Amino acid sequence: MSSQLDILALEPFHGGPRRQMLETLTRCSRHRWTVLKLPARRIERRLTAAAHWFAEQLSRHPVGKIDLLFVSEAMNLADLFRLVPALAKKPTVVYFHSNQLPEIGVRTEGPSDLVNLNTAAAATEIWFNSIYHLKRFVGKAAALVERYPDLQTRSPIPDILAKSRVMHPPMDMTKLHEAMDGYQITRRKRTIFLDTNDAHAALINTAFRTLDRRGESYTLITTGPDDELSADLPRRTIGDRDDIGQIRALHEAGVMLSAKFDAPDDLHVIRALGASAWPIVPASGVYMEMIPERLHESCLYEASVDGLVAKLLDFWHLDRPDGYQQLVAPLLHDRESAIACRAMDDRLAELKALNH
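The rules behind these values
Residues numbered from 1 in each chain as written. Predicted model: local features only at pLDDT ≥ 70, side-chain atom pairs only at ≥ 80, totals over all residues. Heavy atoms only, no water. Helix = DSSP H or I, 4+ residues; strand = E, 2+ residues; numbered from the N terminus. Buried < 20%, exposed > 50% of the residue type's maximum accessible area, 1.4 Å probe, protein only. Contact = heavy atoms within 4.5 Å. Areas by Shrake-Rupley, 256 points an atom, 1.4 Å probe, with all protein chains shown as cover. Lys, Arg positive; Asp, Glu negative; His and termini not counted. Charge placed at Lys NZ, Arg CZ, Asp CG, Glu CD. Expected span 1.5 Å × (residues − 1). 1 Å grid on protein atoms, 1.4 Å probe; cavity = no way out; pocket = protein on both sides within 12 Å on 5 of 7 lines; lining within 4 Å. Points joined across faces, edges and corners; volume = space filled by probe spheres on them. Axes fitted to C-alpha atoms, helices over the stretch in contact; angles between N-to-C directions. Parallel < 35°, antiparallel > 145°, perpendicular 65-115°, else oblique. Left-handed = near helix turned anticlockwise from the far one by under 90°. Nonpolar A, V, L, I, M, F, W, Y, C, P; charged D, E, K, R; others polar. Pairing = 2+ DSSP bridges.

**Student:** Tell me about the overall build of the protein chain, residues and numbers included.
**Tutor:** Scanning the protein chain from terminus to terminus reveals 16 helices and twelve strands. Principal axes of the C-alpha set define a box for the protein chain whose edges measure 65 × 50 × 35 Å. A total of 356 residues make up the protein chain; the buried ones form 54% of that total. Restricting to contacts in the protein chain with at least 6 residues of sequence separation, those with at least 24 account for 74%. Total accessible area on the protein chain is roughly 16200 Å²; 50% of this is exposed by carbon and sulfur atoms. Seen as two clouds, the 44 positive and the 46 negative side-chain charges of the protein chain have centres 4 Å apart.

**Student:** Help me get a handle on helix 1 (residues 16-28), residues and values and all.
**Tutor:** Because each turn of an α-helix spans 3.6 residues, side chains separated by three or four positions in sequence point in the same direction. The first and last C-alpha atoms of helix 1 sit 19 Å apart over 13 residues, in line with the 18 Å expected at 1.5 Å per residue. Three or more residues of helix 1 are buried, namely Arg18, Arg19, Gln20, Met21, Leu22, Thr24 and Leu25.

**Student:** Give me the lowdown on empty space enclosed by the protein, citing residues and values where you can.
**Tutor:** By the definition in use, this model includes three cavities of 30 Å³ or more. Empty space within the largest cavity amounts to approximately 90 Å³. What lines the largest cavity is simply Pro17, Gln20, Met21, Pro169, Pro170, Met171, Asp265, Leu267, Ile270 and Arg335. For the lining of the largest cavity, the elements supplying multiple residues, two or more each, are helix 1 and helix 11 (267-275).

**Student:** Run through the packing of helix 11 against helix 15 (residues 324-335), naming residues and quoting values.
**Tutor:** Put simply, helix 11 and helix 15 touch, their axes get as near as 9 Å, and they point 130° apart. Here helix 15 runs oblique to helix 11, going by the angle between their axes. The chirality of how helix 11 crosses helix 15 is left-handed. Of the residues in helix 15, those touching helix 11 at Ile270, Ala272, Leu273 and Gly274 are Tyr324, Gln325, Val328, Leu331, Leu332 and Arg335. Split into classes, the residues belonging to the contact of helix 11 with helix 15 amount to seven nonpolar, two polar and one charged.

**Student:** Go over the sheet that holds strand 8 (residues 219-223) with me, naming the residues and quoting the values.
**Tutor:** The sheet built from six strands is open, its strands ordered 9-8-7-10-11-12 with parallel pairing. Of all the strands in the sheet, the pair left with one neighbour each is strand 9 (236-238) and strand 12 (300-301). Inspection of the sheet shows strand 10 (residues 253-257) paired to strand 11 (residues 278-282) by three bridges, in the parallel sense. Residue pairing across strands places Leu257 opposite Ile280, the latter belonging to strand 11.

**Student:** Describe the sheet that holds strand 3 (residues 68-72), with residues and values.
**Tutor:** Spatial ordering of the open sheet is given by 2-1-3-4-5-6, a layout of six strands whose pairing is parallel. Two strands close off the open sheet at either side, each with one partner strand: strand 2 (32-39) and strand 6 (164-166). Looking at each pair of strands side by side, their axes are set apart by 20° on average, direction ignored. Across four bridges, strand 1 (residues 6-14) lies against strand 3 in parallel orientation. Within the sheet, the bridge partner assigned to Ala9 lies in strand 3 and is Phe70. Of the strands in this sheet, strand 1 and strand 2 are in contact with helix 2 (residues 43-60), which crosses strand 2 at around 130°.

Pasting the structure below:
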């Protein structure tokens, strides 16, 4: 398909993976994009107030022709449609990077419990970043519907399922190589790269204290907030927006460590696979589908200090399994920006044609 669309993208939480995905998509897309964004702060406020801010901006500064609306889940789309009725007539894609639905079994009610559900119901199509995330969203949504008798008679779940699909975030693999042009670095097996965003800090602190007691040496490089890490844990910190610094650190690291349980996706693990850093990640969430099955035993750890420490020690003291790059190649191919963005572009054009 060669049709070129005028797309309005609204990103209420422009940071981290959301920023990476949107910047890559708009740069590689054949369509014309207008992007309005808010900084990545206080997502609970974005859920309740972002629609009003975007509506006000659009009323003051019209963006011209709009063929399709593209938003993330960090906003109440139903509210936006009420405030800007003209947008409700446009096909709309909502990209779910994460979700803020209550956990299954939680009985207390919060002001934003229904926002993601209302947004999904209002969208023309819903894109998820992983199979795991799609399943988790549907499970949490079904549990939420059971809590509200009014929803049970007109459950939105069947309609949401019918318009959901998985679209992996594109990643510009050329950055992995461009960041290293003219930059010499030595990979060290005991250098660990850790993204602290949404990480289980208590587990990390205890695991590294255990390594210290055992006399195991290591070098730690972190990105993200580190206020919950032990003050006496030595590390080098790289800024959240320093993509070049993060990529160079992954080329330096022997291990890319994650302590994010039930993660819907993980940009740094994809980068680590491309940079040949070894992933040591929880045996939960997206990692079960992200890590090739033949590497599960070597890469995945159970949610315990002993499990994490054992995987690090295995990597340091045992030989690395053969065929690593061949095993991860299909995953990296599917995420490569030219391929992933083309798939997104084609689907956006199809949605516009279907909703003409």
